[in-house]
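This is what each chain is made of:
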Amino acid sequence: MPSPTPPVPAPCAPCAPEDVRRVACVGAGVIGGGWAAHFLARGYDVTAWDPAPDAEARLRRLVAAAWPALERLGLAEGASQDRLTVTGGLEEAVAGAEFVQESAPEKLELKRDLLARLDAAAPAGTVIASSTSGYPMTDMQTGTPGAARLVVGHPFNPPYLIPLVEVVGGELTAPAAVEWASRFYEVAGKSVITMDREVPGFIANRLQEALWREALHMVANGEATVREIDASITEGPGLRWAVMGPMLTFALAGGEGGMAHMLDHFGPSLKSPWTRLEAPELDRALYEAVVAGCDEAAAGRTIADLVAERDRGVIDVLRATGRLPGATATATGEAAR
Ligand SMILES: NC(=O)C1=CN([C@@H]2O[C@H](COP(=O)(O)OP(=O)(O)OC[C@H]3O[C@@H](n4cnc5c(N)ncnc54)[C@H](O)[C@@H]3O)[C@@H](O)[C@H]2O)C=CC1
Ligand SMILES: C[N+](C)(C)CC(=O)CC(=O)[O-]
């Protein structure tokens, strides 16, 4: 008879999610930097480490660029960019951390090694979350003695504005660690989906990737330009998706008959050859078409301009849909400020 799987020991977190004061961000690029900005704005002390030689200057620039948006959202009492400490080593960054967020490059071996190093260095019981956008924790936690405290905490760019975090454990993760992380993110102001099993691509990326695959096919075949693809979403379904997800949105397409009528009416057309499903070859021509299309769509705006524009727009949408303190959405969708 096969021996039963040993019970996963629950990590003994150093404190309750509500009592966390110090967070470590390891890997401080687009996402690690965005996490650092978020935690600072929420009033945490943040220690960060990133091996790149220019990492500290880059991180401080990113946090400073995000700060006006965070001020518009409302800073927690005592929140300050001065509470960011960039350390010279990984061990120093995680010493004394009550939560660790790993945001290193999306390479499986690198993540495995780094999570093992973080496990060796972090205080006993401190939960360690990976920002991975796709690797199952089961694949990343192999060989780490403290695997029970490793979870996925998948954010959305920029983590200081987009509320969603998808939280899921691996086969060796203690359910208590998943619960603790979910509660911590909620306390830290995030909107959390806690998944009870590992699903390829989690939920939101699975959906985004389907859309992205179709978009690449259309560019590759000359069926639509980058600009048309973006406008088709921002001027179309994207407006509805900020208010209601794709399911309820389509239920309304069925009129008074709701989703049942929608499925009777349009369900059979799902078999039409609209979708290609297989990813297109990301060859040089497609690569260049997408990059050139984005340059053209940016129409002279720099990345910093686009980040500021996106941040303003997302805050306006959050406010208009009643998702910020002090803003209440009315029945007409107009926000009372
Ligand atoms: N960019 C995005 O939109 C999103 C990315 N993610 C995930 O976040 C993670 C980080 O991605 P990005 O921030 O986009 O990448 P990035 O390339 O902007 O930043 C990665 C950072 O990690 C640093 N780094 C390199 N080796 C390291 C190591 N051994 N230990 C610690 N840090 C190391 C690099 O110097 C760099 O600053 C990835 O797992 C990615 O899948 C998740 C959600 C969205
Ligand atoms: C591009 N990406 C797959 C890394 C994106 C994400 O994982 C989430 C996001 O921010 O859209």
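As annotated in an unreviewed UniProt entry, the chain carries the name L-carnitine dehydrogenase and is attributed to Streptomyces arboris. In its Sequence similarities (unreviewed entry) section, UniProt records this for the chain: "Belongs to the 3-hydroxyacyl-CoA dehydrogenase family. L-carnitine dehydrogenase subfamily." Under the Catalytic activity (unreviewed entry) heading, UniProt states for the chain: "carnitine + NAD(+) = 3-dehydrocarnitine + NADH + H(+)".

Caption draft 1: Representation of the packing of helix 2 (residues 55–73) against helix 13 (residues 303–320) in the model. Where helix 2 contacts helix 13, the two axes come as close as 10 Å, and the packing angle between them is 15°. The pairing of helix 2 with helix 13 is recorded here as roughly parallel in orientation. Both helix 2 and helix 13 take part in a crossing whose hand is right-handed. Counted together, A69, R72 and L73 of helix 2 and D311, R312, I315, D316 and R319 of helix 13 form the full contact between these two elements. Residue composition of the contact of helix 2 with helix 13, grouped by class: three nonpolar, no polar and five charged.

Caption draft 2: Structural view of the site of ligand 2. With respect to spatial proximity, the complete set of residues near ligand 2 consists of S133, H154, P155, F156, N157, N205, Q208 and E209. H154 is positioned with one of its side-chain polar atoms (N or O) 2.8 Å from an oxygen atom of ligand 2. With respect to ligand 2, the backbone of N157 contributes an N or O atom lying 2.8 Å from an oxygen atom. Among the elements that take part in the shell around ligand 2, helix 7 (residues 204–220) stands out by supplying three residues, more than any other.

Caption draft 3: Molecular detail of the sheet that holds strand 4 (residues 99–102). The mixed open sheet is built from eight strands, whose spatial order is 3-2-1-4-5-6-7-8. For this open sheet the edge positions go to strand 3 (84–86) and strand 8 (191–194), each flanked by a neighbour on one side alone. Put simply, the sheet's adjacent strands are angled 25° from each other on average, direction ignored. Lying on the sheet, helix 1 (residues 30–41) is in contact with strand 1 (22–26), strand 2 (45–49), strand 3, strand 4, strand 6 (150–154) and strand 7 (164–169); it crosses strand 1 at an angle near 165°. Contacting strand 1, strand 4, strand 5 (127–130), strand 6, strand 7 and strand 8, helix 6 (residues 175–187) crosses the sheet at an angle of about 170° to strand 7.

Quick notes on the rules
- Residues numbered from 1 in each chain as written.
- Chains lettered and ligands numbered in written order.
- Predicted model: local features only at pLDDT ≥ 70, side-chain atom pairs only at ≥ 80, totals over all residues.
- Heavy atoms only, no water.
- UniProt positions renumbered as here; feature names shortened; annotations may be inferred.
- Axes fitted to C-alpha atoms, helices over the stretch in contact; angles between N-to-C directions.
- Helix = DSSP H or I, 4+ residues; strand = E, 2+ residues; numbered from the N terminus.
- Parallel < 35°, antiparallel > 145°, perpendicular 65-115°, else oblique.
- Left-handed = near helix turned anticlockwise from the far one by under 90°.
- Contact = heavy atoms within 4.5 Å.
- Nonpolar A, V, L, I, M, F, W, Y, C, P; charged D, E, K, R; others polar.
- Near = heavy atom within 4 Å.
- Polar contact = N/O pair within 3.5 Å; in protein donor to acceptor, adjacent residues only side chain to side chain.
- Pairing = 2+ DSSP bridges.

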